[in-house]
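A look at the structure
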Amino acid sequence: MYLIEILLPLYDNEGRAFGAGELNRVRDELIERFGGVTAFRRPPAEGVWPEGGEASRDEVVILEVMADALEREWWGGYRRELERRFRQEKMVVRATAFEEL
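A brief structural summary.

The topology assignment puts Leu70 in the loop between strand S3 (54-67) and helix H2 (72-85). Residue contacts for Leu70: discarding those within four places in its chain leaves Tyr2, Ile4, Trp75 and Ala95.

Set out below in C-alpha coordinates:
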(Lines give C-alpha, C1' and ligand atoms only; values in the text may rest on other atoms or scores of the structure.)
Protein backbone atom coordinates (compact mmCIF):
# COMPACT_ATOMS: atom_id res chain seq x y z
CA MET A 1 0.00 0.00 0.00
CA TYR A 2 1.00 3.60 -0.55
CA LEU A 3 0.10 6.79 1.24
CA ILE A 4 0.15 9.70 -1.21
CA GLU A 5 0.24 13.23 0.19
CA ILE A 6 -0.42 16.46 -1.70
CA LEU A 7 0.63 19.78 -0.18
CA LEU A 8 -1.78 22.39 -1.54
CA PRO A 9 -0.98 26.09 -1.11
CA LEU A 10 -3.59 28.40 0.38
CA TYR A 11 -2.17 31.42 -1.50
CA ASP A 12 -0.59 32.01 -4.89
CA ASN A 13 2.87 33.59 -5.26
CA GLU A 14 1.34 37.09 -5.17
CA GLY A 15 -0.42 36.39 -1.87
CA ARG A 16 -3.94 35.97 -3.29
CA ALA A 17 -5.96 33.34 -1.45
CA PHE A 18 -7.36 30.38 -3.31
CA GLY A 19 -11.03 29.91 -2.61
CA ALA A 20 -12.49 26.86 -0.92
CA GLY A 21 -13.82 25.83 -4.32
CA GLU A 22 -10.34 25.04 -5.64
CA LEU A 23 -9.45 22.93 -2.61
CA ASN A 24 -12.83 21.17 -2.73
CA ARG A 25 -12.33 20.43 -6.43
CA VAL A 26 -9.08 18.59 -5.69
CA ARG A 27 -10.72 16.77 -2.76
CA ASP A 28 -13.61 15.66 -5.00
CA GLU A 29 -11.25 14.50 -7.77
CA LEU A 30 -9.33 12.35 -5.28
CA ILE A 31 -12.52 10.89 -3.81
CA GLU A 32 -13.74 9.96 -7.28
CA ARG A 33 -10.47 8.27 -8.25
CA PHE A 34 -9.45 6.67 -4.93
CA GLY A 35 -12.73 6.28 -3.05
CA GLY A 36 -11.76 8.58 -0.18
CA VAL A 37 -9.43 11.31 1.03
CA THR A 38 -8.17 12.70 4.32
CA ALA A 39 -7.81 16.49 4.45
CA PHE A 40 -5.73 18.25 7.08
CA ARG A 41 -7.12 21.78 6.81
CA ARG A 42 -6.65 23.36 10.28
CA PRO A 43 -4.33 24.74 11.27
CA PRO A 44 -2.51 25.01 7.97
CA ALA A 45 1.03 23.72 7.82
CA GLU A 46 3.76 26.23 7.04
CA GLY A 47 6.59 25.66 4.59
CA VAL A 48 9.74 27.78 4.88
CA TRP A 49 12.71 27.90 2.50
CA PRO A 50 15.50 30.35 1.64
CA GLU A 51 14.96 32.52 -1.41
CA GLY A 52 17.00 35.54 -2.41
CA GLY A 53 18.61 35.93 1.01
CA GLU A 54 15.27 35.91 2.83
CA ALA A 55 12.92 33.24 4.09
CA SER A 56 9.88 32.51 1.92
CA ARG A 57 6.81 31.05 3.56
CA ASP A 58 3.78 29.20 2.29
CA GLU A 59 0.71 27.97 4.14
CA VAL A 60 -0.52 24.62 2.90
CA VAL A 61 -3.22 22.09 3.57
CA ILE A 62 -2.41 18.41 3.19
CA LEU A 63 -4.61 15.93 1.35
CA GLU A 64 -3.79 12.24 1.46
CA VAL A 65 -5.09 9.10 -0.17
CA MET A 66 -4.21 5.42 0.09
CA ALA A 67 -3.64 3.29 -2.99
CA ASP A 68 -2.69 -0.32 -3.65
CA ALA A 69 -0.40 0.64 -6.54
CA LEU A 70 1.66 3.72 -7.29
CA GLU A 71 0.67 5.05 -10.72
CA ARG A 72 3.69 7.27 -11.30
CA GLU A 73 2.66 8.48 -14.75
CA TRP A 74 -0.82 9.50 -13.57
CA TRP A 75 0.54 11.22 -10.46
CA GLY A 76 3.16 13.10 -12.47
CA GLY A 77 0.49 14.41 -14.83
CA TYR A 78 -1.83 15.30 -11.95
CA ARG A 79 0.97 17.17 -10.14
CA ARG A 80 1.69 19.20 -13.29
CA GLU A 81 -2.04 19.97 -13.62
CA LEU A 82 -2.16 21.15 -9.99
CA GLU A 83 0.92 23.31 -10.53
CA ARG A 84 -0.88 24.98 -13.42
CA ARG A 85 -4.17 25.43 -11.55
CA PHE A 86 -2.50 26.71 -8.37
CA ARG A 87 0.05 28.82 -10.31
CA GLN A 88 3.07 27.18 -8.66
CA GLU A 89 6.53 26.48 -10.05
CA LYS A 90 6.68 23.22 -8.10
CA MET A 91 4.26 21.40 -5.82
CA VAL A 92 4.99 18.54 -3.45
CA VAL A 93 3.24 15.24 -4.11
CA ARG A 94 4.93 12.46 -2.18
CA ALA A 95 4.32 8.77 -1.67
CA THR A 96 5.29 6.48 1.18
CA ALA A 97 5.03 2.70 1.08
CA PHE A 98 3.43 1.27 4.19
CA GLU A 99 2.06 -1.93 5.67
CA GLU A 100 -1.44 -1.99 7.09
CA LEU A 101 -1.51 -3.34 10.62
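With that settled, consider the packing of aromatic side chains. On inspection of all chains with the given rule, the structure shows 6 aromatic pairs. With centroids separated by 5.7 Å and ring planes inclined at 75°, the aromatic side chains of Phe34 and Trp74 adopt a geometry described as edge-to-face. Taken together, the residues span a long stretch of sequence, with Phe34 in helix H1 (residues 20-34) and Trp74 in helix H2 at a distance of 40 residues. One aromatic cluster is present, built from ring pairs that chain together Phe34, Trp74, Trp75 and Tyr78.

We now examine the side chain of Arg79. With respect to the element layout, Arg79 can be found in helix H2. A polar contact is formed between the side chain of Arg79 and the side chain of Glu83, at a distance of 2.8 Å. Setting aside chain neighbours within four positions, we find Arg79 in contact with Lys90, Met91 and Val93.

What counts and how
- Residues numbered from 1 in each chain as written.
- Predicted model: local features only at pLDDT ≥ 70, side-chain atom pairs only at ≥ 80, totals over all residues.
- Heavy atoms only, no water.
- Helix = DSSP H or I, 4+ residues; strand = E, 2+ residues; numbered from the N terminus.
- Contact = heavy atoms within 4.5 Å.
- Phe/Tyr/Trp six-rings, centres within 6.5 Å; stacked < 30°, edge-to-face > 60°.
- Polar contact = N/O pair within 3.5 Å; in protein donor to acceptor, adjacent residues only side chain to side chain.

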